[in-house]
Amino acid sequence: MRSQISRRAFIKGSIAAAGTVVAGTGIAKAADALVNGKKEPLATLLDIQKCIGCEECVRACRDVNAAKYPEPEKPFPKMYPKTVPVQDWSDKREVMDRLTPYNWLYIQHAFVSLNGRETELTIPRRCMHCANPPCVKLCPWGAAKQEKNGLSRIDADLCLGGSKCKAVCPWSIPERQTGVGLYLELMPALAGNGVMYKCDRCYNRLEKGETPACIEACPENVQTIGPRREILEQAHTLAKEINGYVYGEHENGGTHTIYVSPVPFDQLNAAIEKGKGKPHLDRVENMMADGTNLSRAMLIAPLAGLAAAFGKFYLKSKEK
Amino acid sequence: MKSKGKTRSYIYGLILFLITLSGFGQMPIFSRYYIASIPGLGWLGEFYTTHILHYASAAGLIFLAVYVLFDFVVQGAGGKRITGSGYLKMGIIAGLIISGGLMVVKNLPGIYWDHTAVIVLDLTHLGFCMALLMVSLYTLIFKKSWVK
Ligand code: SF4
Ligand code: SF4
Ligand code: SF4
């Protein structure tokens, strides 16, 4: 009897504890966000053959987002161990031919053969805004965020600069600036290393109903923004018209950045300069797929545990 | 019966070890502090590997927790009662499973949760983890068992 009571008390206790946790995690808010998040995400179409490489978009991005750029304090606090890299772009703000904390968009050049003629194609490159962004989902504590419109950004007030987002990004997009951000207030010697920066899709402009600066500034209307489904339709219509190719629809399980090119992307990828701050145009498998599949399989774990416990009970009572 | 309890303890210990290791692997510390440079431990610096290992060991923990719980509910433990520290650990594990489960849901495609809720969730999970480690250390040192 004693054990009966204690078991009942224990179950009650666990339920109460679980209730506290659920309330504490803001599940009600999360559920609300889940419902509101059902909106169709935004995507952009980039018509590569229209781009003339004038870099107006790059300059517009730098102008509009200048206030968000890091202003690091120097000298930087010493970091341990000594091999932790200091990444300082604050004296190289003018660099425009790659991604940096001060340059979230740049133009890639590709010399390719198009209809038998040697042609230069220019490709605006920035964060792809993945549909299920590893940078956001795997950020250890929510500094990288995905907005309800599907676009992602890194909160400079929260980021500690551990660069995990860059490590898990299939295009290694985010770039670090040492000497800024929250880590300075915590244990700068032992943890953190600045803040990660990347295209934030001009989220503050979008919130006000404005268009991202790079889209607005382009004299050739290279980019179109709209609901992802419509953008995909447009992309496929365009690809059909020009006998072209689509990139970004299935990469990393789907992105919100859809490129259409008159030449195949493996040719473009071979022709562009790649490396630090210069993302590739390779095919990318869905990096989050294993986790997604495993989480479905995880649902079986409690059922299996239940079945095992009752199975054992059943066998025992049969023995008796 | 005794050996069965021992097997459970070893499995629990192994899961706790793997889940803690892979959990800490979610933070970019193993590479910074050379732990991932130790031969054979390079995978600790690979975030997708530790992510999958964390999920897999979480599935193991959930299985074990549900099994032990219902085994106790339907069969009892020979008239034994759960100790105070046992209750505490159970509460913490329940918290870990619930907060972790929510984090798994958060990571699914098409889930856009409130930013603050995500931060609270991440910190709650970390808090439960630290609490479990401390209480487990206490029960290990002072030889406190789950039931008495
Ligand atoms: S402004 Fe338009 S045309 Fe000029 S480089 Fe940018 S995308 Fe290309
Ligand atoms: S491209 Fe990289 S940085 Fe951009 S959303 Fe995808 S994972 Fe994140
Ligand atoms: S969307 Fe905004 S932040 Fe992103 S590249 Fe364009 S201008 Fe820059």
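Residues numbered from 1 in each chain as written. Chains lettered and ligands numbered in written order. Predicted model: local features only at pLDDT ≥ 70, side-chain atom pairs only at ≥ 80, totals over all residues. Heavy atoms only, no water.

## Side note on helix α4 (residues 115-141) of chain B
For clarity, the cut-off: Starting at the N terminus, helices and strands are each numbered in turn, a helix being any DSSP run of H or I of at least four residues and a strand any DSSP run of E of at least two. Multiply 1.5 Å by the residue count of a helix minus one, and that product is the helix's expected span. For the purposes of these results, a polar contact is taken to be a pair of N or O atoms within 3.5 Å, where, inside protein, one atom must be able to donate a hydrogen and its partner to accept one; residues adjacent in sequence count only when each atom of the pair is a side-chain atom.
For α4(B), which comprises 27 residues, the first-to-last C-alpha distance of 39 Å matches the rise-based estimate of 39 Å (1.5 Å per residue) to within 8%. N-cap assignment for α4(B): the residue whose side-chain oxygen lies 3.0 Å from the backbone N of T116(B) is D114(B).

## Points about the packing of aromatic side chains
Counted only if it meets this: Put simply, two rings from Phe, Tyr or Trp (the six-membered ring, in Trp's case) pair if the centres are within 6.5 Å, and we call them stacked under 30 degrees between planes, edge-to-face over 60, tilted for the rest. The cut-offs for exposure are 20% and 50% of the maximum accessible area for each residue type, with area from a 1.4 Å probe on protein chains only; residues under the lower value are buried, those over the upper are exposed, and the others partly exposed. Charge-over-ring contacts are defined here by two conditions on Lys NZ or Arg CZ: a distance within 6 Å of the ring centre and an angle within 35 degrees of the ring normal.
Throughout the structure, instances matching the rule amount to nine aromatic pairs over all chains. Residues Y69(A) and W104(A) carry aromatic rings whose centres are separated by 5.4 Å and whose planes lie at 75° to one another, so their mutual orientation is edge-to-face. Placement of the pair is Y69(A) in the loop between α3 (56-65) and β2 (106-114) and W104(A) in the loop between α3 and β2, with a sequence separation of 35 residues. Residue classification places Y69(A) among the buried residues on the basis of a relative accessible area of 10%. Classification of W104(A) by relative accessible area gives buried; the value is 5%. Ring centres of Y12(B) and W146(B) lie 5.8 Å apart, and the angle between their planes is 80°; this geometry places the pair in the edge-to-face category. Within this pair, whereas Y12(B) is found in helix α1 (residues 2-24), its partner W146(B) is found in the segment after α4, the two being separated by 134 residues in sequence. For W146(B), a relative accessible area of 29% puts it in the partly exposed group. Among the aromatic residues, those joined into a ring-pair cluster are Y69(A), Y102(A), W104(A) and Y197(A). Its end group placed over the ring of Y203(A), R153(A) keeps NZ or CZ at 3.9 Å from the ring centre.

## With respect to the domain arrangement of chain B
Residue and element names in this part refer to chain B. Spelled out, the test is: Each domain's extent is set by a domain assignment, obtained either automatically or from a database. Any two residues having at least one pair of non-hydrogen atoms within 4.5 Å are treated as being in contact. Simply put, the buried area is the total loss of 1.4 Å probe accessible area from both parts when two parts are fitted together. Counted as salt bridges are all cases of a side-chain nitrogen of Lys or Arg within 4 Å of a carboxyl oxygen of Asp or Glu.
The domains assigned to chain B are domain 1 (1-76) and domain 2 (79-148). A separation of 13 Å is found between the C-alpha centroids of domain 1 and domain 2. Facing the 12 residues of domain 1 at the interface are 15 residues of domain 2. Taking both partners together, domain 1 and domain 2 bury about 960 Å²; carbon and sulfur atoms supply 80% of that area. Its largest share of buried area at the contact with domain 2, domain 1 owes to Y12, Y55 and F72, together 40% of the area lost on that side. Taken together, the links from domain 1 to domain 2 amount to zero salt bridges. Linking domain 1 with domain 2 are one residue pair in polar contact (both at pLDDT 80 or more). Elements with a contribution of two residues or more to the side of domain 1 that touches domain 2: α1 and α2 (47-75). Among the elements that take part in the side of domain 1 that touches domain 2, α2 stands out by supplying seven residues, more than any other.

## Things to note about unusual backbone geometry
Residues and elements named next belong to chain A. Going from K74 to P75, the amide bond is cis rather than trans, its omega being 0°. Among the secondary structure elements, P75 is positioned in the loop between α3 and β2. In this model, Y80 is joined to P81 through a cis peptide bond whose omega is -10°. Mapping P81 onto the fold places it in the loop between α3 and β2. Of note in the backbone geometry, S172 takes a positive phi value of approximately 50° without being a glycine. With respect to the helices, strands and loops of the structure, S172 is situated in the loop between α5 (164-168) and β6 (175-177). For S172, a relative accessible area of 35% corresponds to the partly exposed category. Despite not being glycine, C202 shows a phi value in the positive range, around 45°. Within the secondary structure layout, C202 lies in the loop between β7 (195-197) and α6 (203-207).

## Things to note about the site of ligand 3
Just so we agree on the cut-off: Residues are labelled near a given molecule or strand when at least one of their non-hydrogen atoms is within 4 Å of it.
In the vicinity of ligand 3, the contacting residues are C61(A), N65(A), W104(A), L105(A), R126(A), C199(A), D200(A), R201(A), C202(A), P212(A), A213(A) and C214(A). Taken together, the elements giving at least two residues each to the shell around ligand 3 come down to α3 and α7 (213-217) of chain A.

## Examining α3(A)
Looking at α3(A), one finds that the buried residues are C57(A), V58(A), A60(A), C61(A), R62(A) and N65(A). Residues of α3(A) that are buried in the fold lie against β2 and α7 of chain A.

## Description of the pairing of strand β3 (residues 117-125) of chain A
Residues and elements named next belong to chain A. Going by this rule: A pair of strands counts as paired when DSSP detects no fewer than two bridges linking them.
For β2 and β3, the ladder comprises nine bridges, and the chain directions are antiparallel. The residue of β3 that forms the bridge with F111 is E120. The antiparallel hairpin formed by β2 and β3 contains two residues in its connecting segment, where N115 sits at a positive phi of about 50°.

## What to know about the side chain of R205(A)
Residue and element names in this part refer to chain A. With respect to the element layout, R205 can be found in helix α6. Of the residues examined, R205 reaches a relative accessible area of 13% and is grouped as buried. When neighbours within four sequence positions are excluded, R205 is seen to be in contact with V64, E210, T211, P212, A213 and E216.

## A short note on the site of ligand 1
All names here are of chain A. Worth spelling out the cut-off: The rule is simple: put a 1 Å grid over the protein atoms alone, call a set of points where a 1.4 Å probe fits but cannot get out a cavity, call an open set with protein on both sides within 12 Å along at least five of seven lines a pocket, and count a residue as lining if it has an atom within 4 Å of a point. To qualify as sitting in a cavity or pocket, a molecule needs more than half of its atoms within 2 Å of the grid points. Polarity classes work like this: nonpolar for Ala, Val, Leu, Ile, Met, Phe, Trp, Tyr, Cys and Pro, charged for Asp, Glu, Lys and Arg, and polar for all others, with Gly in that last group.
Around ligand 1, 13 residues are found, and the nearest of them are C51, C54, E55, C57 and C218. The site holding ligand 1 turns out to be the second largest cavity. Residue classes in the shell around ligand 1 are distributed as nine nonpolar, one polar and three charged.

## Let's talk about the sheet that holds strand β9 (residues 245-247) of chain A
Residue and element names in this part refer to chain A. Basically, it comes down to this: Each axis is a line fitted through C-alpha atoms, and for a helix only the stretch in contact is used; angles between axes span 0 to 180 degrees, taken between their N-to-C directions.
Across the sheet, four strands lie side by side as β8-β1-β10-β9; this open sheet has mixed pairing. Pairing within the sheet leaves two strands with one partner each, and these edge strands are β8 (223-227) and β9. Pairs of neighbouring strands in the sheet enclose a mean axial angle of 25°, with direction left out of account. In terms of strand pairing, β9 meets strand β10 (residues 257-261) through three bridges, oriented antiparallel. Bridging across to β10, Y245 finds its partner in S261.

## Here's the deal with empty space enclosed by the protein
Put simply, the rule is: Grid points are joined across faces, edges and corners, and a volume is the space filled by probe spheres set on the points.
This model, assessed by the stated rule, comprises seven cavities of 30 Å³ or more. In this model, the largest cavity occupies a volume close to 140 Å³. Taken together, 14 residues form the lining of the largest cavity, with V136(A), A144(A), Q146(A), W113(B) and V118(B) sitting closest to its centre. Looking at the lining of the largest cavity, the elements with two or more residues in it are α4 (134-137) and β4 (144-146) of chain A together with α4 of chain B. Partitioning the lining of the largest cavity into residue classes produces seven nonpolar, three polar and four charged. Its volume calculated, the second largest cavity comes out at about 90 Å³. Forming the boundary of the second largest cavity are 13 residues, of which C51(A), C54(A), C57(A), C218(A) and V222(A) lie nearest the centre. The residue makeup of the lining of the second largest cavity, split by class, is eight nonpolar, two polar and three charged.

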